[in-house]
Amino acid sequence: MSNKVSEPTAAGARRGAQVLERLRERPPNIWYAGEQVRDVTTHRALRGGAHTLARLYDLQWQHAKTTLFDSPSSGRKVARSFLIPRTQAELCGITAAMRVWANDTRGMMGRVPDYINRAMTGYAAGADFLSEADPRFGRNAVAYHEYLRENDLCLTHTLIPPQANRAVSMSHQADPYLAARVKDETDSGIVVRGCRMLATLPISDEIMVFPSTLLKNAAEDAPYAFGFSIPNDTRGLRFICRESVDYGRSHFDHPLGSRFEEMDAVVIFDDVFVPWERVFLYRDVERCNQAYARTGAVVHMTHQVVVKNIAKAEFMLGLAALLVDAIAVESFQHIQEKLSELWVGAESMKAFLRAAEADAAIDEWGVMRPAWNPLDAARNLFPRLYPRMVEIIQQIGASGLVAMPMEKDVVGPLREDIRHYYQAARAEAYDRIPLFRLAWDACLSAFGSRQVLYERFFFGDPVRMAGALVANHKRQIDEQAALVRQFVRQGRDEALGR
Ligand SMILES: Cc1cc2nc3c(=O)[nH]c(=O)nc-3n(C[C@H](O)[C@H](O)[C@H](O)COP(=O)(O)OP(=O)(O)OC[C@H]3O[C@@H](n4cnc5c(N)ncnc54)[C@H](O)[C@@H]3O)c2cc1C
């Protein structure tokens with residue numbers, strides 16, 4: 001365990017080998033099935049995701065023109081997802097960079113590092129908002145952003161308190177230290193005790209512990225109101241993993257789960273010390289509740305999310321089209337209707353992104369901020385679209401999704417039976433089987449189910465997000481209501497001869 005919060009050397013954009021090396025040298029304190037994981041790069045439940053992560057960092061060097069830019073401080077090549085965009089061209093450049101990872105993972109790894117890179121870039125860009133509370137906090141955010149960029153570190157993040165009693169706030173739980181809260185404050189930092197519900201991608205270097213917007217009561221919730229970042233090997237910090245959705249099998253058997261298991265973990269803070277230079281928000285409930293919106297961090301994160309959604313929706317469309325073709329069901333009308341639904345979903349996401357870029361404008365911090373309305377629409381729509389996409393794959397694939405041998409069958413003594421009986425109209429058995437295994441992994445396996453849950457909830461409870469949407473866009477809604485009222489009154493007046 002370590003209390004180190006800074007690196008001696010920074011080398012700019014990393015390659016995969018460096019990512020794995022750091023995970024080995026400074027292992028996050030991860031627990032899996034009752035045991036501490038000493039090396040996530042070799043552990044059966046986590047290595048698939050860790051190696052994919054490493055591959056993504058190699059990929060950024062293979063597409064360096066798109067994914068990297070020259071650091072404004074060191075001149076080194078650094079990841080474009082750390083860029084603070086000042087022009088529309090720079091904003092579109094960030095989209096293009098994020099597409100590289102989203103396309104590679106087919107959108108199945110929501111927490112590729114650019115998600116939190118965009119969040120911390122938003123906080124650094126809007127650092128003046130943090131400084132209004134304490135000048136140190138804004139400076140900390142700017143320095144931390146530079147530190148992440150120059151070291152190309154990878155972050156997980158955690159927002160929400162444990163799901164014990166949702167009828168009352170954090171301060172009214174059975175134990176005041178159930179939800180992570182400030183226990184002590186010293187000249188050098190703060191001490192945090194308690195728990196946060198979830199952090200996806202614990203196989204990372206650092207954790208961003210930020211406020212959820214669930215804070216209600218200014219006085220009572222103040223000890224729960226903070227934003228900071230610390231290394232994942234900080235003393236007292238622990239991650240308890242869920243059961244892996246990587247079955248530890250081949251890419252043939254488990255094409256998605258064997259590659260894209262990002263893992264989710266509960267985060268425990270056992271009197272964790274956080275130095276002041278890593279604190280960005282502190283004991284200010286109002287400011288915590290506003291921080292994502294005012295700095296623009298939520299907009300920059302949603303930008304990444306919509307890029308991921310496009311890749312995912314296009315993947316589901318392509319997958320469905322191949323299933324349809326393989327078993328020759330393309331002439332049935334309901335199949336065409338389903339394909340059209342998938343196409344509309346993918347095109348909608350692309351249109352939202354295009355609108356967000358086209359209507360981007362300089363915000364109060366001088367940042368080219370993507371337009372919020374289309375992004376907000378996209379993030380509220382996709383939790384409904386994605387479960388339907390999965391349902392469509394199930395409806396098209398039908399029993400073909402379970403009448404499916406494994407790799408060992410394909411090369412085993414029954415291979416001739418398999419070659420003969422698993423053929424499809426337009427695919428020989430050895431092409432059909434991997435295709436249907438992919439469809440199974442996208443819509444039936446533990447990996448596929450977790451993807452659905454992820455899309456339903458990862459950005460927040462869809463019910464409360466809808467409530468926030470109505471509140472945030474009230475003026476626009478009221479304007480439309482006024483126009484309709486005018487129309488109704490016009491008809492009424494005509495009828496009554498007024
Ligand atoms: C796969 C996955 C990955 C995630 N990764 C992360 C992560 O990396 N970091 C992170 O911080 N979070 C993460 N989350 C958590 C995510 O932010 C939450 O799931 C989301 O905010 C909803 O909170 P909850 O899950 O605690 O649901 P709860 O708040 O416990 O809600 C449970 C049910 O009660 C209803 N409910 C509860 N309170 C209210 C209310 N006030 N009004 C109306 N209905 C209510 C909800 O609608 C829901 O149906 C992840 C979630 C998932 C599923």
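Please refer to the structure placed before this passage.
Residues numbered from 1 in each chain as written. Predicted model: local features only at pLDDT ≥ 70, side-chain atom pairs only at ≥ 80, totals over all residues. Heavy atoms only, no water.

## Thoughts on the overall build of the chain
1) Next: Tallying secondary structure elements over the chain gives 19 helices and 14 strands in all.
2) Next: For 498 residues, the compact-globule estimate of 2.2 N^0.38 gives 23 Å, and the C-alpha radius of gyration of the chain, at 24 Å, lies within 12% of that figure.
3) Next: Summarising its shape, the C-alpha atoms of the chain cover approximately 85 × 75 × 50 Å along the three principal directions.
4) Next: Taken over 498 residues, the chain has a buried fraction of 54%.
5) Next: Here the contacts in the chain between residues at least 6 apart in sequence split such that 76% fall between residues at least 24 apart. (Helix = DSSP H or I, 4+ residues; strand = E, 2+ residues; numbered from the N terminus. Rg over C-alpha atoms; globule rule 2.2 N^0.38 Å. Buried < 20%, exposed > 50% of the residue type's maximum accessible area, 1.4 Å probe, protein only. Contact = heavy atoms within 4.5 Å.)

## Comments concerning the packing of helix 11 (residues 297–326) against helix 13 (residues 372–397)
1) Next: Between helix 11 and helix 13, the shortest axis-to-axis distance is 9 Å and the interhelical angle comes to 25°. The angle between helix 11 and helix 13 places the two elements in the roughly parallel class. The handedness of the crossing between helix 11 and helix 13 is left-handed.
2) Next: Of the residues in the contact of helix 11 with helix 13, the class split is 18 nonpolar, 4 polar and 3 charged. (Axes fitted to C-alpha atoms, helices over the stretch in contact; angles between N-to-C directions. Parallel < 35°, antiparallel > 145°, perpendicular 65-115°, else oblique. Left-handed = near helix turned anticlockwise from the far one by under 90°. Nonpolar A, V, L, I, M, F, W, Y, C, P; charged D, E, K, R; others polar.)

## Re empty space enclosed by the protein
1) Next: A complete count under the given rule lists 2 cavities of 30 Å³ or more for this structure.
2) Next: In this structure, the largest cavity spans a volume of roughly 80 Å³.
3) Next: If you trace the largest cavity, you find it lined by Gln60, Thr67, Ala79, Arg80, Ser81, Ala97, Met98, Trp101 and Asp114.
4) Next: Residue classes in the lining of the largest cavity are distributed as 4 nonpolar, 3 polar and 2 charged.
5) Next: Where the lining of the second largest cavity is concerned, the elements lending two or more residues are helix 11, helix 13 and helix 17 (446–457).
6) Next: Tallied by class, the residues present in the lining of the second largest cavity amount to 6 nonpolar, 2 polar and 4 charged. (1 Å grid on protein atoms, 1.4 Å probe; cavity = no way out; pocket = protein on both sides within 12 Å on 5 of 7 lines; lining within 4 Å. Points joined across faces, edges and corners; volume = space filled by probe spheres on them.)

## Some thoughts on the sheet that holds strand 9 (residues 226–231)
1) Next: Taking strand neighbours across the sheet as the criterion, the 4 strands line up as 5-8-9-12 in an open arrangement whose pairing is mixed. Strands with a single pairing partner mark the edges of an open sheet, and in this sheet they are strand 5 (155–158) and strand 12 (279–282). Shown here is a sheet whose adjacent strand axes are inclined to one another by a mean of 20°, direction ignored.
2) Next: The strands touched by helix 7 (residues 135–151) within the sheet are strand 5, strand 8 (206–209), strand 9 and strand 12, with strand 12 carrying the most contacts at an inclination of about 145°. (Pairing = 2+ DSSP bridges.)

## A look at the environment of Glu146
1) Next: Among the secondary structure elements, Glu146 is positioned in helix 7.
2) Next: With 22 residues separating them in the primary sequence, Glu146 and Ala124 have C-alpha atoms 8.8 Å apart.

## Regarding the site of the ligand
1) Next: Neighbouring the ligand are 20 residues, the closest being Arg111, Leu159, Arg166, Thr200 and Arg464.
2) Next: Within the backbone of His157, an N or O atom sits 3.0 Å from a nitrogen atom of the ligand.
3) Next: Note that a nitrogen atom of the ligand is positioned 2.7 Å from one of the side-chain N or O atoms of Thr200.
4) Next: In the complex, 74% of the free accessible area of the ligand, which totals 960 Å², lies under the protein chains.
5) Next: Most atoms of the ligand, that is more than half of them, are within 2 Å of grid points of the largest pocket.
6) Next: Listing elements by their share of the shell around the ligand, those giving two or more residues are strand 5, strand 7 (189–200), helix 17 and helix 18 (462–472).
7) Next: Here the element with the most residues in the shell around the ligand is helix 17; it accounts for 4 residues. (Near = heavy atom within 4 Å. Polar contact = N/O pair within 3.5 Å; in protein donor to acceptor, adjacent residues only side chain to side chain. Areas by Shrake-Rupley, 256 points an atom, 1.4 Å probe, with all protein chains shown as cover. Sits in = over half its atoms within 2 Å of the grid points.)

## Description of the pairing of strand 11 (residues 264–275)
1) Next: Bridge count between strand 7 and strand 11: 9 bridges; the pairing is antiparallel. The residue bridging Gly189 from the neighbouring strand is Pro275, located in strand 11.
2) Next: In the sheet, strand 10 (residues 237–241) pairs with strand 11 via 5 bridges, with the strands oriented antiparallel. Considered in strand 11, the bridge of Leu237 is made with Phe269.

## Some remarks on the sheet that holds strand 1 (residues 30–32)
1) Next: Spatial strand order, 2-1-10-11-7-6: 6 strands in an open sheet with mixed pairing. Pairing within the sheet leaves two strands with one partner each, and these edge strands are strand 2 (35–36) and strand 6 (181–185).
2) Next: Pairing of strand 1 with strand 2 involves 2 bridges; the strand directions are antiparallel. Looking at strand 2, one finds that Tyr32 is bridged to Glu35.

Read these as geometric descriptors, not functional statements.
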